[in-house]
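Architecture at a glance
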Amino acid sequence: MKGSHNLIDDGSSPEEAHGSGSGGGSCQRIRRELEEAREEIAHLKRTLHRVQQIARLGYWRLSLKSNELYWSAVIYDIFGVDPKTFTPSLQAFKAMVYPEDIESIESAIVRAQQQGQHDMEHRIIRPNGEIRWVHELADYMPEGDDQILIGTVRDITEQKRLELRLRQLSRTDELTGLFNRRYFMQRLLQELARYRRYGRPTSVVLFDFDHFKRINDTHGHPAGDQVLVKVSKLLRERLRTNDIPARLGGEEFALLLPETDLEEAVGVAEKVRQLVLEQEFTSEEGHRFEASITCGVSAFHGTEETVEAILHRADQNLYQGKRTGRNRVIADEWDS
Ligand SMILES: Nc1nc2c(ncn2[C@@H]2O[C@H](COP(=O)(O)OP(=O)(O)OP(=O)(O)O)[C@@H](O)[C@H]2O)c(=O)[nH]1
């Protein structure tokens, strides 16, 4: 029927559809379609690569049977290695993982096999020694007798830095850089749980500067601030690393002392009291002055212990120290 080829539009020209009689027309058409498909694939590849660069997102494919690992270009960038000289493999990847995070990588692979996917964050060490944080998402797909993991990697180092900074800020006292009340209370609750479960000794020292109002009135508020800052620095430098010094507010401070019984805690309070006494402070006018503190000490005690009770006892001891002359350490007295 004349013109019937137009009923189905296959995109070919009438000449090609009719052919020249040798079949060369349809070959040409297939070649052109192949060429177009190649161009489209190349274009999609470039777009995919660009999008991954923008998102700092790489993808990988791992065969659990052969341990063969494919990395897209962005992963080489994230890991700081050269695709010309670095050959990815499960072993080579693990060698770049931050040692403490290896175990969580291994359990993530098992989790992906059992649950079909994993979602985790870990650190890597680049060849130049730089530590980066990455976020990985992976899917597990059995393929014949092989098991394939396919996943993405995103560099989240900046986000992690910000997170850590925010966490630090949320638990730090602005003036002195010591822990704040909120963090102190959180840690006290944790230590109480440890005490209840394992019976580990834990003590608290509360201290308060003596006649601080007089220091402010005589030498000025900035001089008072300087006392708080200087003593806080001393606490950071002279206490054990797992002790927790905090500024609860104003000129009131606390020390949470894990693994420390009452007697040892009295020793720590005495040491801090002496350190403060030995310090010399200078006002803005250049006048030298001294300061002292009074400490109340208490330790977790008995099966009914609570955070409120230990703080109340330490506070009562501090109050008694103020009443009986200041510049001293008063501790719990138990009949045992
Ligand atoms: N410079 C300075 N002073 C503060 C700060 N926080 C609280 N103070 C002052 O600390 C003083 C505390 O006064 P009081 O509670 O009467 O106690 P005190 O004068 O130390 O007397 P005692 O504790 O009985 O020995 C007040 O004058 C507050 O204004 C601070 O951050 N900086």
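To be clear, the structure that these remarks concern was listed above.
Residues numbered from 1 in each chain as written. Predicted model: local features only at pLDDT ≥ 70, side-chain atom pairs only at ≥ 80, totals over all residues. Heavy atoms only, no water.

1. Considerations on the sheet that holds strand 8 (residues 252-258)
So the rule is basically this: Strand pairing requires that DSSP identify at least two bridges connecting the strands. Secondary structure elements follow DSSP: runs of H or I of four or more residues count as helices, runs of E of two or more count as strands, with numbering from the N terminus. Axis definition: a line fitted to C-alpha atoms, over the contacting stretch in the case of helices. Angles run 0 to 180 degrees between N-to-C directions. The contact rule is simple, with two residues in contact once any of their heavy atoms fall within 4.5 Å.
Pairing is mixed across the open sheet formed by five strands, whose spatial order is 7-8-6-11-12. Of all strands in the sheet, those bounded by a partner on one side alone are strand 7 (244-249) and strand 12 (329-331). For this sheet, the mean inter-axis angle between neighbouring strands, taken without regard to orientation, is 20 degrees. Each of strand 6 (202-209), strand 8, strand 11 (293-299) and strand 12 touches helix 10 (residues 262-278); the most contacted strand, strand 11, lies at about 165 degrees to it.

2. Observations concerning the environment of Met-141
Looking at the secondary structure, you find Met-141 in strand 4 (residues 131-143). Between the alpha carbons of Met-141 and Ser-63 there is a distance of 9.9 Å; along the sequence they are 78 residues apart. Apart from residues no more than four positions distant in its own chain, Met-141 is found in contact with Gln-147, Ile-148 and Ile-150.

3. Notes on the pairing of strand 11
What counts is decided by this rule: Partly exposed describes any residue whose relative accessible area lies between the buried limit of under 20% and the exposed limit of over 50%, with all areas from a 1.4 Å probe on protein chains only and scaled to the type maximum. Handedness is read with the strands pointing away from the viewer; a crossover is right-handed when the path from the first strand over the helix to the second is clockwise.
Burial analysis of strand 11 places seven of its seven residues in the buried class, the great majority of the element. Alternating positions in strand 11 separate into two faces, Ile-293, Cys-295, Val-297 and Ala-299 on one and Thr-294, Gly-296 and Ser-298 on the other, with burial throughout. Pairing analysis gives seven bridges linking strand 6 to strand 11, with the strands arranged antiparallel. Each residue of the ladder has a partner; that of Asp-208, found in strand 11, is Thr-294. Note: strand 11 against strand 12, three bridges, orientation parallel. When the sheet's bridge partners are listed, Gly-296 is paired in strand 12 with Ile-330. Handedness of the crossover joining strand 11 and strand 12 through helix 11 (residues 307-323) is recorded here as left-handed.

4. A look at the packing of helix 7 (residues 181-198) against helix 11
Defined as follows: Here roughly perpendicular refers to angles of 65 to 115 degrees, roughly parallel to angles under 35, roughly antiparallel to angles over 145, and oblique to all remaining angles. Crossings are classed by handedness, with left-handed meaning an anticlockwise turn of the near helix from the far one by less than a right angle and right-handed meaning a clockwise turn.
With their axes 10 Å apart at the nearest point, helix 7 and helix 11 run at an angle of 115 degrees to one another. Taken together, the axes of helix 7 and helix 11 are roughly perpendicular relative to one another. As for the relative orientation of helix 7 and helix 11, their crossing is right-handed in sense. Touching Phe-184, Met-185, Leu-188, Leu-189 and Leu-192 of helix 7 are Val-307, Ile-310 and Leu-311, all from helix 11.

5. Details of the pairing of strand 5 (residues 146-155)
In this structure, strand 1 (residues 57-63) lies alongside strand 5, joined through seven bridges in antiparallel fashion. Counted as the bridge partner of Gly-58 is Val-153 from strand 5. Of the pairings in the sheet, the one linking strand 4 to strand 5 comprises ten bridges and is antiparallel in character. Residue pairing for strand 5: Asp-139 is matched across the bridge by Ile-150. Between strand 4 and strand 5, which pair antiparallel and follow one another directly, the connecting turn spans two residues, one of which, Gly-144, has a positive phi of 60 degrees.

6. What to know about the site of the ligand
Applied cut-off: By convention in this text, a residue qualifies as near a molecule or strand provided that one of its non-hydrogen atoms is within 4 Å of it. Counted as a polar contact is a pair of N or O atoms within 3.5 Å, where, for protein atoms, one must be capable of donating a hydrogen and the other of accepting one, and residues adjacent in sequence contribute only when both atoms are in side chains.
The environment of the ligand is formed by 16 residues, the closest being His-211, Phe-212, Asp-225, Arg-247 and Lys-322. One of the side-chain nitrogen or oxygen atoms of Asp-208 is found 3.1 Å away from an oxygen atom of the ligand. One of the side-chain N or O atoms of Arg-247 is found 2.6 Å from an oxygen atom in the ligand. Of all the elements in the fold, those that place two or more residues in the shell around the ligand are strand 6, helix 8 (212-219) and helix 9 (221-238). Residue contributions to the shell around the ligand peak at four residues, all from helix 9.

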